[in-house]
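Chain by chain, the residues run as shown.
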Amino acid sequence: MEHVILYAIVPIIVVMLAGFIAGKKGAFSGDDAKKFNKVVLDFALPAALFVSIVQASREDLVKDLKLTLVSTIGIMACFMLVYFVFKYCFKKNTGADAAISALISGSPTIGFLGFAVLEPIFLASPYEYNITAVALVVAIVGIVVNAIGIPVGLSLMNASLAKQNPNAAKQSAWKPVWNALKQPVAWAPILAVVWVLVGIPWSAKLSPSFDLIAKANASMAVFSAGITLSSIKVTLNWQAILGSIMKMVVMPAVVLALGLLFHMDEPNLRMLVVAAALPPAFSGIIIADEYNTYVATGTSSLTLSVILFVGFCPLWIWLTDVAIHAFA
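Because the structure is predicted, anything quoted here is derived from the model rather than measured.

**Q** Would you mind going over the overall build of the protein with me for this structure?
**A** What the protein contains, in helices and strands, is 15 helices and zero strands. Taken over the C-alpha trace, the protein has a radius of gyration of 19 Å; the compact-globule value for 328 residues is 20 Å, and the two agree within 12%. Oriented by its inertia axes, the alpha-carbon framework of the protein measures out at about 55 × 45 × 40 Å. Counting only residues that meet the buried cut, the protein has 52% of its 328 residues in that class. If you take every contact in the protein between residues at least 6 apart in sequence, the share linking residues at least 24 apart comes to 86%.

Structure below.
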């Protein structure tokens, strides 16, 4: 736990706090944070995912089939649970509000904090996993969140908005799916997986060309998150608190239970539970702001979850170790 706190939690807090202070002092604005996010999602993260995955073997990918299955079932089950709870348990909420809730509290921010959290925890003692294993977890969860969760959330939101405004032009249900798959953060890991399956050799001499931009991923993402938090107004209410509970407690618990049920590989299960415990996806806030829907409560839930993650990250690592040893 000391290692987790000193090498994963504290650095994130320090860099995020630096971004928060920079935002409050006016050095950077919310618009600047969006530009940093674009660098992360369109360049740094895709490069990090691609170069890590292409160095894997077919055996590694076959071994990770359970990881893919548990990730998809666990995250999307929690995604839909958040949607139905917020749609039917709060009378004032519309379907669009519930969809935004699912995009936030039903999705981990794997793109921004995945490498920043998993690398310092699992690449060093006592775990000493390899970077390819970490990258595959980040890639698979990222594909679930970006290529499945976001299209489903946008489809649910557009359906609700269409009911509220019947005269509005209808959008194709496949448009969100296509838009998600066009993003580098979605197609880069898919391309890398295909590359490995086809058996195309990858020269180690090519990796440094990707590594330089890839290394900017974690630090820039966390710094940008601090700027984003400095530019939003936080107003806590019961919906924000419930959203944080469902994200920080329910999702990692569901993933842990499914992982044990499917007898997942222990290293993958440990990393997946931590990935599921990550704060809500920042993309949900971006979508909420774009559609002017559920912005205040969504940002409040995100902020609260970021604070709670400081305690829940080491807690879930400990609980996962206890559960693995109990069911061994």
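Next comes the rest of the account.
**Q** In this structure, what is going on with helix α4 (residues 65-88)? I would like to understand it.
**A** The α-helix advances 3.6 residues per turn, and as a result positions three or four apart in sequence lie on the same side. In this model, α4 (24 residues) spans 34 Å end to end at C-alpha, consistent with the 34 Å of a helix rising 1.5 Å per residue. Residues of α4 that are buried: L67, V70, S71, G74, I75, M76, C78, F79, V82, Y83, V85 and F86. If you follow the buried residues of α4, they end up packed against α5 (95-105), α7 (131-164), α12 (238-261) and α13 (266-276).

**Q** I would appreciate a short explanation of the packing of aromatic side chains in the present structure.
**A** Describing an aromatic ring pair means giving the distance of the ring centres and the angle of the ring planes. Summed over all chains, the structure comprises 10 aromatic pairs. Ring geometry for Y83 and F84: centres 5.3 Å apart, planes at 70°, overall edge-to-face. Y83 gets classed as buried once you look at its relative accessible area, which sits at 6%. In this structure an aromatic cluster arises from ring pairing among F50, W195, W202 and F210.

**Q** Explanation requested: the side chain of S301 in the structure shown.
**A** As for its position among the elements, S301 is in helix α15 (residues 295-326). Since its relative accessible area comes to 3%, S301 is described here as buried. Excluding residues within four positions of it along the chain, S301 makes contact with S105, A240, G243, S244 and P280.

**Q** How should I be thinking about unusual backbone geometry in this particular structure?
**A** Here H263, not a glycine, exhibits a phi torsion of approximately 55°, which is positive. Mapping H263 onto the fold places it in the loop between α12 and α13.

**Q** I tried to follow the pattern of salt bridges on my own but got confused; where do I start?
**A** Opposite charge on two side chains allows them to pair when their charged atoms are near. Within the structure shown, the criterion is met by three salt bridges. In this structure, E266 engages R270 in a salt bridge whose closest nitrogen and oxygen atoms are separated by 3.7 Å. Pair noted here: E266 and R270 are both in helix α13, with a separation of four residues, about one helical turn. For R270, a relative accessible area of 12% gives the class buried.

**Q** Just to check I follow, could you spell out the nonpolar core for this structure?
**A** Counting 96 residues, the largest nonpolar core has V117 and C313 as its most contacted members. Apart from the residues lying within four places of it in its own chain, the contact partners of C313 are V4, I9, V117, I121 and V274.

**Q** Help me out: how do you make sense of a nonpolar patch on the surface in this one?
**A** Side chains of W178, L181, I190, V194, V198 and I200 sit close together on the surface and give an oily, nonpolar patch of about 540 Å² of accessible area. Of all the secondary structure elements, the ones that give two or more residues to the nonpolar patch are α8 (175-181) and α9 (184-198). Among the elements that make up the nonpolar patch, the one with the highest residue count is α9 (three residues). Within the element layout of this structure, V198 appears in helix α9. On the basis of relative accessibility, which here comes to 55%, the residue V198 falls in the exposed class.

**Q** Looking at this structure, how should I read the environment of L45?
**A** By the secondary structure assignment, L45 is in helix α2 (residues 30-53). Each C-alpha atom of the pair L45 and P184 lies 8.6 Å from the other, and the pair is 139 residues apart in sequence. Contact partners of L45, with chain neighbours within four places excluded, come to V40, G111, F115, V138, V185 and N217.

The rules we used
Residues numbered from 1 in each chain as written. Predicted model: local features only at pLDDT ≥ 70, side-chain atom pairs only at ≥ 80, totals over all residues. Heavy atoms only, no water. Helix = DSSP H or I, 4+ residues; strand = E, 2+ residues; numbered from the N terminus. Rg over C-alpha atoms; globule rule 2.2 N^0.38 Å. Buried < 20%, exposed > 50% of the residue type's maximum accessible area, 1.4 Å probe, protein only. Contact = heavy atoms within 4.5 Å. Expected span 1.5 Å × (residues − 1). Phe/Tyr/Trp six-rings, centres within 6.5 Å; stacked < 30°, edge-to-face > 60°. Salt bridge = Lys/Arg side-chain N within 4 Å of Asp/Glu carboxyl O. Core = buried A, V, L, I, M, F, W, Y, C linked by side-chain atoms within 4.5 Å. Patch = residues over 30% accessible without salt bridge, like charges linked within 9 Å, V, L, I, M, F, W, Y side chains within 5 Å. Areas by Shrake-Rupley, 256 points an atom, 1.4 Å probe, with all protein chains shown as cover.

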